Every structure is written in structure tokens, then in C-alpha cells.
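Now for the letters of each chain:
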Amino acid sequence: MALRFGLLVPQGWRLDLVGIADPIEAYETMTRVAREAEDLGFDSIWLFDHFHTVPQPLQEVTFECWTSTAALARDTRRVRIGQMVTCSAYRNPALLAKMASTVDVLSHGRLDFGIGAGWYEHEWRAYGYGFPEAPERLRMLREAVQILLKMWTEEEAYFEGRYYQVHGAINQPKGVQQPHIPLLIGGGGEQVTLKLVAQYADACNVGHLDPAGIAHKFAVLQQHCEAIGRDYQTIKRTVLFNCAIAETDEEAMRKAQQSYMGRNVPPEQLRERELVGSPETIRQRLAAYEEVGAQEVIVYLPDAAQLESVRLFAHECMARLR
């Protein structure tokens, strides 16, 4: 199976729409990148689920994830669309299942549903969600995932949990894809998150590690699968990286250090844990990740709004590795 490629489209959260004063033009920029990615042969496009910028909350455009997912589903025709990843606590899971089912229909079955426990404390508190400790956020994620699957597969969903309850919830239509919308759980936590992947998910997402680190995460996931009798090969393995690509390694490193991805990060760590370099350098890195079991690589290009890096990555990396 050939390596597949996804692109995180500019959404504002990482200041990738700064300088575009008109919010309508900012949205159209996001759409242009999504359509260009589709035309260039990317397999998927993805959106972050965040409400404002990081590391400092600024008065800058940041589009909401799920309304943007729905809009991009109608602005495109072929490419799959997912979230990297939905914060499980930001929306009631029964409602979220209904939203996803609707988007799966209006996209004609192109939705990948990504979910995780969430981490951005300032955002949680700013929007009134509090900020439970990590173990509690993971318990909330476990309940949310179970409700999602019930809503997508059962005529009437019932669930009595500590955090969520549903009592005969009807979800019609349930979506287009069978047996249900593909569920991706993001995160590399070895004791809980990867165990949840083995129990419930169709795909995992880990990232920002060197090939050995990614290989270790996949090995842990395989152990969890074996412990419950699940076929490890039924789980799609995706990896996520920030990417700075340029004609030379030096130019790419300068680009990385000037962007969000390079803030307070030593150059050597950028080289080891992200995709930074010339097309040849990045092709070698991608081949190394494919060798350890990655099946889809999802990249965030800080300058994607200008399109040149998207085109360079597609023509010089994707096309040569397929």
C-alpha cells in the first residue's frame, strides 16, 4: 500500500492567516488551500479544533473546526476531510455524533472523525469548560467514544456514564460510510490513549517523534491489540508533523525557525522530530517513517496560505514516493 498524504489547511490557530484583515478573504484563503491540495492529489485535508491562537490568545481570525469541516466538505469533491483532533469535551458527544453524521452525508461519505482528550488549558478555561486533570479528561474521552459508536450503529442509543448519559437517542441519518464513520483517536499515551485506540478506533495518530519513537508507539499499540485479540492491521496508522520545505536544507531551517514550529525549539530537535529540509531530505525522512509502519503522513505547512510550499511538497515529495 502506497504512503498516503494529508494536509492541515490554514485555519488561523497558528497565526497562518495573519495579515488577512477581511474575515471573508481569510475563509476564502482556507478554501483555496483545500482545493489546491485536492487538485494536487493530497488524500486528505484536516482542521485543528481550537478556538483561538496559541501560545498567546490574540485577536486574530481562528475559524471553528466543525462548521469549517462542513463548509470545506461542500467546497471540495474528492479529498477526505478530518479533524486533528476534535476535543471530546467541547461538545456533547451525542450532539457531536449527529453533527458528524450530517457532515458524512453532505460530503458524500468523505469524513474522517478525529477525536482526542484535549490539552489547551487556556482555551478550556476561557470557554467555561474548566480544566480537569489528564486522567479525568481521558475518562471523558472514553465515554464520548462509546456514545459516538452507539449513535452511529444502534437504532436508539443508551448510555449511563459518569460524565455523559443518553436515553434512547435517535440519530438519522447515521452517515453514509459502513459500518460507520471511521473513528481516529489522536495521541500517543501508552497506558490509556493507545489502549483506547485498540479498543475502539479505526485509526490512530501520533507525531512529532523520530522514526524510532514512532516505531515504539506502534509497537505499544500492537501489544494492546494482541491483549484484547484485535488484528493490529485493521487500524490505520497516521503520523503528524510540522513541515518546512524549501529548495535547500538551510533555507528550510530558516523558514522553520521563523514560524510557530520553530519557536524555542533547537535546530537539531526540529530535524529529528519534524520534517525540515529540501525535497530530497524530506523524501528520505518520509521513507524512514513508512519503513516503521506509517501509512498516512499529515503535514502542517506554516506558509501553506501562499501555496508554493504545498505545490513543492506535492510535486517533489508525494509524487516521487507513490
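Residues numbered from 1 in each chain as written. Predicted model: local features only at pLDDT ≥ 70, side-chain atom pairs only at ≥ 80, totals over all residues. Heavy atoms only, no water.

Things to note about the side chain of Arg 91
Point 1. Positionally, Arg 91 belongs in the loop between strand S4 (86-87) and helix H3 (93-106).
Point 2. Taking relative accessible area as the criterion, Arg 91 reaches 12% and is therefore assigned buried.
Point 3. Separated by 2.9 Å, the side chains of Arg 91 and Asp 49 make a polar contact.
Point 4. Among all residues touching Arg 91, those that are not within four sequence positions of it are Asp 49, Phe 51, Glu 64, Cys 65, Trp 66, Thr 86, Leu 96 and Met 99. (Helix = DSSP H or I, 4+ residues; strand = E, 2+ residues; numbered from the N terminus. Buried < 20%, exposed > 50% of the residue type's maximum accessible area, 1.4 Å probe, protein only. Polar contact = N/O pair within 3.5 Å; in protein donor to acceptor, adjacent residues only side chain to side chain. Contact = heavy atoms within 4.5 Å.)

Some details on the layout of surface pockets
Point 1. Of the pockets and cavities examined, the largest pocket occupies roughly 900 Å³.
Point 2. What lines the largest pocket is a set of 41 residues, among which Met 84, Trp 119, Gly 187, His 208 and Leu 240 lie closest to the centre.
Point 3. Of all the elements in the fold, those that place two or more residues in the lining of the largest pocket are S4, helix H4 (121-126), helix H5 (134-153), strand S9 (203-207), strand S10 (236-245) and helix H9 (267-273).
Point 4. The class makeup of the residues in the lining of the largest pocket is 20 nonpolar, 14 polar and 7 charged. (1 Å grid on protein atoms, 1.4 Å probe; cavity = no way out; pocket = protein on both sides within 12 Å on 5 of 7 lines; lining within 4 Å. Points joined across faces, edges and corners; volume = space filled by probe spheres on them. Nonpolar A, V, L, I, M, F, W, Y, C, P; charged D, E, K, R; others polar.)

Here's the deal with the environment of Gln 269
Point 1. Residue placement: Gln 269 occurs in helix H9.
Point 2. A residue is classified by how much of its surface remains accessible, and Gln 269, at 34% relative accessible area, is partly exposed.
Point 3. With 61 residues separating them in the primary sequence, Gln 269 and His 208 have C-alpha atoms 9.6 Å apart.

Focus on the pairing of strand S3 (residues 80-83)
Point 1. Both faces of S3 are covered, namely the face carrying Arg 80 and Gly 82 and the face carrying Ile 81 and Gln 83.
Point 2. Sheet analysis places strand S2 (residues 44-47) next to S3, joined by 4 bridges and oriented parallel. Of the residues in S3, the one forming a bridge with Ser 44 is Arg 80.
Point 3. Taken together, S2, helix H2 (residues 65-75) and S3 constitute a β-α-β crossover, and its handedness is right-handed.
Point 4. The pairing of S3 with strand S5 (residues 111-116) spans 2 bridges and is classified as parallel. Counted as the bridge partner of Gly 82 is Asp 112 from S5. (Pairing = 2+ DSSP bridges. Right-handed = clockwise from strand over helix to strand, strands pointing away.)

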